[in-house]
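Here's the letter readout for the chains.
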Amino acid sequence: MFIEERHKLILECLEKNGSITTNDIMEQYSVSYDTAKRDLRILDEKGLLKRTHGGALSLHQVAVGRPPKMTIKDITSVKENYYQIALKAVTMIEDNDVIFLSSVTVCYFMAQNLPVNKKIRVVTNSIIIADELRTKDNIFVIMLGGEMDHKGNCYDNIAIETIKRLRFDKSFISSAFISAEFGLSIQKTSAISFYDAIIASSKKVIGLYPKEKIGFDSVVSICPAEKLDIMITDWDTAEKDLISFDEKGIEIIIVEKSDEDEM
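Owing to the predicted nature of the structure, the values given are computational and were not obtained by experimental measurement.

Rules used throughout
- The numbers attached to residues start from 1 for each chain and follow its sequence in the written order.
- A pLDDT threshold of at least 70 governs which residues receive local features in this predicted model, and a stricter bar of 80 or more applies before side-chain atom pairs are shown or counted, although totals over entire chains, interfaces and linings include all residues.
- Side-chain metrics rest on all non-hydrogen atoms present in the structure, leaving aside hydrogens and water.
- Secondary structure is summarised from DSSP: a helix means a run of H or I of at least four residues, a strand means a run of E of at least two, and numbering begins at the N terminus for each.
- In this description the radius of gyration comes from C-alpha coordinates, and the expected globular size is given by 2.2 Å times residues to the power 0.38.
- To sort residues, take the accessible area from a 1.4 Å probe on protein chains only and compare it with the maximum for the residue type: under 20% means buried, over 50% means exposed, and anything in between is partly exposed.
- In short, Shrake-Rupley with a 1.4 Å probe defines the accessible areas, and a residue's cover is counted only from the protein chains shown.
- Under this rule, positive means Lys or Arg and negative means Asp or Glu; His and the chain ends count for nothing.
- By convention, the point assigned to a charge is CZ for Arg, NZ for Lys, CD for Glu and CG for Asp.
- For two strands to be treated as a pair, DSSP must find no fewer than two bridges joining them.
- What makes two residues a contact is simply this: any of their non-hydrogen atoms within 4.5 Å.
- To get an axis, a line is fitted to the C-alpha atoms, and for a helix only the part in contact is used. The angle between two axes follows their N-to-C directions and goes from 0 to 180 degrees.
- Angle categories: roughly parallel below 35 degrees, roughly antiparallel above 145, roughly perpendicular from 65 to 115, and oblique for all the rest.
- Residue polarity follows a fixed list, in which Ala, Val, Leu, Ile, Met, Phe, Trp, Tyr, Cys and Pro are nonpolar, Asp, Glu, Lys and Arg are charged, and the others, Gly among them, are polar.
- Polar contacts, as counted here, are pairs of nitrogen or oxygen atoms within 3.5 Å of one another; within protein the pair requires one atom able to donate a hydrogen and one able to accept it, and residues that are adjacent in sequence qualify only if both atoms are side-chain atoms.
- Here, the arc refers to the directions that run from the helix axis to the C-beta atoms.
- The length a helix should cover is 1.5 Å for every residue beyond the first.

Student: Looking at this structure, I do not really get the overall build of the protein. What am I missing?
Tutor: Helix and strand content of the protein: 10 helices and 13 strands. Here the protein has a C-alpha radius of gyration of 20 Å; the compact-globule value for 263 residues is 18 Å, and the two agree. When its C-alpha atoms are laid out on the principal axes, the protein stretches across 65 × 35 × 35 Å. When each of the 263 residues of the protein is scored for burial, the buried share is 51%. Total accessible area on the protein stands at roughly 13100 Å², and carbon and sulfur atoms take up 49% of it. The centroid of the 33 positive side-chain charges in the protein is displaced by 4 Å from the centroid of its 41 negative side-chain charges.

What follows is the structure in structure tokens.
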């Protein structure tokens, strides 16, 4: 098979399925690992796909990707990459840690899976996360007060003043999008001071970013990407983005896709 024909078939597969792995290319077209990687690099350089850690995404899938909203309805349908990131984040929590969980879907999955054999103090601005934790005997919850928005979250000055009186061993945060150039970004300016206070009060800031949130910019920049000490992402994140974050001194942790159907 000529290389042009193989590239055409790879793009057709992406159009149909939205993604393709290096192993898929090796198996379907009987080529080596290096050849499969080279095919994806060439197509990426031509702007025909977005190369990821383990394969590639179609540009259509990348463009339409949006982080899910944090509502009760969302928790009934779990994206595997969000769930695997949450499980990895939980393993970083130590006994007697004081942690902050932001009001995002990944942090809700963390709340569902916090260890039962460790004493943990959790601070959150999400009434949904606080409600999930309130019956767990080993978890002590501080709910940030203030004016609550329609999603059950508090971001106002009352919450910010409370944060300034606290110190977190680890803060687990996310935002609408993140890029190496524009940093962490959101749609509204109202939460900038809130995020600034969280970061200033944290010994370690851990960003939770599925592939859908990486490499794009929202309207308002919260802070530079290097404010993160660690970023946990998934197996489909583009290699170019991983390199750009690594160059800024951010420790990158990539979770792998589960072999089991945990969903």
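Student: Explain the sheet that holds strand S3 (residues 55–57) here, please?
Tutor: Strands sit in the order S1-S3-S2 across an open sheet of three strands; the sheet is antiparallel. What marks the edges here is a single partner per strand, and that holds for strand S1 (19–21) and strand S2 (50–51). Of the strand pairs in this sheet, S2 and S3 are connected by two bridges, and their pairing is antiparallel. Across the sheet, the residue bridging to Arg51 is Ala56, located in S3. Contacts from helix H2 (residues 22–29) reach S1 and S3, with the element oriented near 75 degrees to S1.

Student: Please explain the packing of helix H1 (residues 3–17) against helix H3 (residues 33–45) as it appears in this structure.
Tutor: How two helices sit against one another is set out by the angle between their axes and by the gap between those axes. The geometry of H1 relative to H3 is characterised by a closest axis approach of 11 Å and an angle of 75 degrees between their N-to-C directions. With respect to their mutual orientation, H1 and H3 come out roughly perpendicular. Residues Ile3, Arg6, His7, Ile10 and Leu11 of H1 form the contact with H3, whose participating residues are Thr35, Asp39, Leu40, Ile42 and Leu43. Considered class by class, the residues forming the contact of H1 with H3 number six nonpolar, two polar and two charged.

Student: Looking at this model, I keep getting lost on the sheet that holds strand S4 (residues 98–101). Mind explaining?
Tutor: Neighbouring strands of a sheet are bound in pairs by backbone hydrogen bonds; such pairs are parallel or else antiparallel. Strand order in the open sheet made by the seven strands is S6-S5-S4-S7-S10-S12-S13, with parallel pairing throughout. Where the open sheet ends on each side, the last strands, each with one partner, are strand S6 (139–143) and strand S13 (251–255). Sheet twist, expressed as the mean angle between neighbouring strand axes with direction ignored, is 20 degrees. Two elements, S4 and strand S7 (residues 170–173), share three bridges in a ladder whose sense is parallel. Its bridge partner lying in S7, Leu101 is registered against Phe172. Most of the contacts of helix H9 (residues 192–200) go to S7, to which it runs at about 150 degrees, and overall it touches S4, S7 and strand S10 (205–208).

Student: So what exactly am I meant to see when it comes to the pairing of S10 here?
Tutor: Within a regular strand, the side chains alternate between the two sheet faces. Both faces of S10 are covered, namely the face carrying Val205 and Gly207 and the face carrying Ile206 and Leu208. Across three bridges, the pairing between S7 and S10 is parallel. From the neighbouring strand, Phe172 faces S10, where its bridge partner is Ile206. Sheet topology note: the S10/strand S12 (residues 230–234) ladder contains three bridges and is parallel. If you follow Ile206 over to S12, its bridge partner there is Ile230.

Student: What is the right way to look at the environment of Glu12 in this model?
Tutor: The topology assignment puts Glu12 in helix H1. Residue classification places Glu12 among the partly exposed positions, given a relative accessible area of 39%. Glu12 sits 241 residues away from Ile253 along the chain, and the two C-alpha atoms are 31 Å apart. Only 2.5 Å separates the side chain of Glu12 from the side chain of Lys8, close enough to count as a polar contact.

Student: Just to check I follow, could you spell out helix H8 (residues 157–164) for this structure?
Tutor: In an α-helix there are 3.6 residues to a turn, and that puts residues three or four apart on one side. Among the residues making up H8, those that are buried are Ala159, Ile160 and Ile163. The arc enclosing the buried residues of H8, seen along the axis, measures out at 100 degrees, which places them on a common side. Those residues of H8 that are exposed and angled more than 90 degrees off the buried face are Asn157, Ile158 and Lys164. The inward-facing, buried residues of H8 abut H9. Near the N-terminus of H8, the side chain that reaches the backbone nitrogen of Ile158, with its oxygen 3.2 Å away, is that of Asp156.

Student: How do you make sense of H3 when you look at a structure like this?
Tutor: An ideal rise of 1.5 Å per residue puts 18 Å on 13 residues; H3 measures up with 18 Å between its terminal C-alpha atoms. Turning to H3, its buried residues number three or more, namely Thr35, Ala36, Asp39, Leu40, Leu43 and Asp44. Backbone geometry just downstream of H3 places Gly47 in the positive-phi region, at approximately 75 degrees.

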